[in-house]
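Coordinate inspection notes
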Amino acid sequence: MPDESLRQQLLDAARGAREAAYAPYSNFKVGAAVLTATGEIFTGCNVENASFGATLCAERVAILTAVAAGHRGFTALAVIADTPEPVPPCGLCRQVLAEFSPDCRIIMANLAGQRQLATLKELLPLAFRLPSPEGGAAG
Ligand code: THU
């Protein structure tokens, strides 16, 4: 798990990214930030669509933006929303993160300042992987 100052930096980035959330249908704004193995931070917010299934979660926007910039190793992911308890990432986003970094750490938070820490393996113990050689993009 990144140290406290890095965790706070990641949460601040996620909180800031949440401001850009496009959520006219649910009114539920989410922000996320991933820390790459090289120490860079990429952020995302949820982006909804009138065709509801086209909606993207904040976490996937952050992860995929980082992947598009050439990163495939993630040390930690922070996610934040205005929820009574720290918000957990959805199952789909867990699987997307597991594709690249099964050992990633997760920082869940809410706007009230509550936090919960977990590993991706705790949140998704049996991530799906294709048998090799197609079995992963790690590295
Ligand atoms: N959402 C996220 O951004 N991340 C999650 O982990 C769960 C759900 C978004 C998708 C949608 O825009 C809204 O929250 C309500 O589901």
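Criteria and cut-off values
- Residues numbered from 1 in each chain as written.
- Predicted model: local features only at pLDDT ≥ 70, side-chain atom pairs only at ≥ 80, totals over all residues.
- Heavy atoms only, no water.
- 1 Å grid on protein atoms, 1.4 Å probe; cavity = no way out; pocket = protein on both sides within 12 Å on 5 of 7 lines; lining within 4 Å.
- Points joined across faces, edges and corners; volume = space filled by probe spheres on them.
- Helix = DSSP H or I, 4+ residues; strand = E, 2+ residues; numbered from the N terminus.
- Axes fitted to C-alpha atoms, helices over the stretch in contact; angles between N-to-C directions.
- Parallel < 35°, antiparallel > 145°, perpendicular 65-115°, else oblique.
- Left-handed = near helix turned anticlockwise from the far one by under 90°.
- Contact = heavy atoms within 4.5 Å.
- Nonpolar A, V, L, I, M, F, W, Y, C, P; charged D, E, K, R; others polar.

1. Here we look at empty space enclosed by the protein
- Applying the stated criterion across every chain yields a total of one cavity of 30 Å³ or more.
- Put simply, the largest cavity is a space of about 30 Å³.
- Lining the largest cavity, in full, are E59, L77, P89, C93, R94, L97, I106 and L120.
- Ranked by the residues each element gives to the lining of the largest cavity, the list is headed by helix 3 (residues 91-100), at three residues.

2. Some details on the packing of helix 2 (residues 58-68) against helix 3
- Where helix 2 contacts helix 3, the axes come no closer than 9 Å and their chain directions differ by 20°. By the criterion of interaxial angle, the relationship of helix 2 to helix 3 is roughly parallel. Crossing hand, helix 2 versus helix 3: left-handed. Here E59, R60, I63, L64 and V67 of helix 2 come into contact with helix 3, specifically with L92, C93, V96, L97 and F100.
- Broken down by class, the residue content of the contact of helix 2 with helix 3 amounts to eight nonpolar, no polar and two charged.

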